[in-house]
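# An overview of the molecular structure
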Amino acid sequence: MRILLSNDDGYFSPGLAALAQGLAPLGEITVVAPERDRSGASNSLTLDRPLTLRKAPNGFYYVNGTPTDCVHMAVTGWLDFEPDVVVSGINLGSNMGDDTLYSGTVAAATEGYLLGIPSVAVSLVGHEISHFDTAAQVARTIVERLAKAPFGAPVLLNVNVPDVEYAALKGIEVTRLGRRHKAQPVVPGKNPRGETVYWVGAAGAAREAGPGTDFHALEHGSVSVTPLQVDLTHAAQIPLVKDWIVKP
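Residues numbered from 1 in each chain as written. Predicted model: local features only at pLDDT ≥ 70, side-chain atom pairs only at ≥ 80, totals over all residues. Heavy atoms only, no water.

The line we're drawing: UniProt positions are given in the numbering used here, feature names are shortened, and annotations may be inferred rather than shown by experiment.
As recorded in an unreviewed UniProt entry, the chain goes by 5'-nucleotidase SurE and comes from Usitatibacter rugosus. Per UniProt, the chain carries the Subcellular location (unreviewed entry) text "Cytoplasm".

### Some points on the UniProt feature "binding site: a divalent metal cation" (unreviewed entry) in the chain
For clarity, the threshold we go by: Put simply, DSSP marks the helices as runs of H or I at least four residues long and the strands as runs of E at least two long, and each gets a number from the N terminus on. In what follows, residue pairs with any heavy atoms lying within 4.5 Å of each other are defined as contacts. Between N or O atoms, a polar contact is any pair within 3.5 Å; within protein, one atom must be a potential hydrogen donor and the other a potential acceptor, and residues adjacent in sequence are included only when both atoms are from side chains. Only protein chains enter the accessibility calculation, which uses a 1.4 Å probe; a residue whose area is less than 20% of its type maximum is buried, one above 50% is exposed, and one in between is partly exposed.
As annotated by UniProt and renumbered to match this structure, "binding site: a divalent metal cation" (unreviewed entry) occupies Asp8, Asp9, Ser39 and Asn91. A maximum C-alpha distance of 9.1 Å among these annotated residues, which run over 84 residues, shows that they cluster at one spot. Turning to its location among the elements, Asp9 is positioned in the loop between strand S1 (2-6) and helix H1 (14-23). Ignoring sequence-local partners within four residues, the contact set of Asp9 consists of Arg36, Asp37, Ser39, Ile90, Asn91 and Leu92. Separated by 3.2 Å, the side chains of Asp9 and Ser39 make a polar contact. The residue Asn91 is located in strand S5 (residues 85-92) in this model. Judged by its relative accessible area of 7%, Asn91 is buried.

### Some remarks on the sheet that holds S5
Here is the rule: Here a strand pair is declared whenever DSSP counts at least two bridges between the two strands. To obtain an axis, a line is fitted to C-alpha atoms, over the contacting stretch when the element is a helix, and the angle between two such axes runs from 0 to 180 degrees between their N-to-C directions.
Read from one edge of the open sheet, nine strands run S3-S4-S2-S1-S5-S6-S7-S13-S8, paired in mixed fashion. This sheet does not close on itself; its edge strands, each paired only once, are strand S3 (53-55) and strand S8 (172-174). The mean angle between the axes of side-by-side strands here comes to 25 degrees, regardless of whether they run parallel or antiparallel. Where S3 and strand S4 (residues 61-63) come together, three bridges link them in antiparallel fashion.

### Examining the packing of H1 against helix H4 (residues 132-148)
We apply this condition: Any angle that falls under 35 degrees is termed roughly parallel, while one over 145 is termed roughly antiparallel, one within 65 to 115 roughly perpendicular, and all others oblique. Crossing handedness is defined as follows: a turn of the near helix away from the far one that is anticlockwise and smaller than a right angle gives a left-handed crossing, while the clockwise case is right-handed. When residues are sorted by character, Ala, Val, Leu, Ile, Met, Phe, Trp, Tyr, Cys and Pro go into the nonpolar class, Asp, Glu, Lys and Arg into the charged class, and all the rest, Gly among them, into the polar class.
Where H1 contacts H4, the axes come no closer than 9 Å and their chain directions differ by 45 degrees. What the angle tells us is that H1 and H4 run oblique. Remark: the crossing between H1 and H4 carries right-handed chirality. On the side of H1, the interface is formed by Pro14, Gly15, Ala18, Leu19, Gly22 and Leu23, while H4 contributes Phe132, Ala136, Ala139, Arg140 and Val143. Looking at the contact of H1 with H4 residue by residue, the class counts come to eight nonpolar, two polar and one charged.

### Let's talk about the nonpolar core
Worth spelling out the cut-off: Take the buried residues of types Ala, Val, Leu, Ile, Met, Phe, Trp, Tyr and Cys, join any two whose side-chain atoms come within 4.5 Å, and each joined set is a nonpolar core.
Core analysis: the biggest nonpolar cluster contains 33 residues, and Leu5, Leu23, Val87, Ile90, Val159 and Val161 have the highest contact counts within it. For this core, the secondary-structure elements that each account for two or more residues are S1, H1, strand S2 (28-34), S5, strand S6 (119-125), H4, strand S7 (156-162) and strand S13 (223-227). A total of eight residues in this core trace back to one element, the largest contributor, which is H4. The contact partners of Val87, leaving out residues within four places of it in the chain, are Ile3, Leu4, Leu5, Ser6, Leu19, Leu23, Val120, Val122 and Val143. Counting residues in each nonpolar core, the second largest holds 13 residues, with Val32, Val71, Val75 and Phe81 among its members.

So this is what it looks like as structure tokens:
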């Protein structure tokens, strides 16, 4: 099995190393990740400059671009084979609800999915973020399942794992994305030149977090697995907009 790994925390992230180690028994591992932390990069591609690919001492490759750049470059030109699966992570923190729209971790997996490859984004959810082995074992279980029982079409799975010992997990739930409240306001400050600068505020609290959501699964100690799609069309509003657009 040929597995392409990436992330958004950078090629030096302990989560990426744990993921590579955990999946190594399943086949050939290739790692292409950003050269620095690109959290929040979403699905951005670098179009205003060329990209470089370098190899780190540990064998991981890194790119001076976004998570999407990494997977796109690897699959569409650099690799001489098509990976059987793309796995992104292990992210240091959650990617649930509305966060998936901003997540570079999810974006790397999404690019694999858009290129026709089964893809998985893996995030570790907690305050201290220490049980990377738990998330790696969950990732291995899912990748093994994809190998033994592949879907009939490409699949994009968003996986969030509680930061606990593997034996303490309550199970795996297939969920939908929850929703958050509006984000906290930006935080102003001063740079060394005395200019006002702004930090993006913290994410809002969970708003829709009932049974069946990713938030609910994590709150109750379970792994959340959410199948995602890329079609943003609001199908239910098509007739409403058709009627609205022709009104005088």
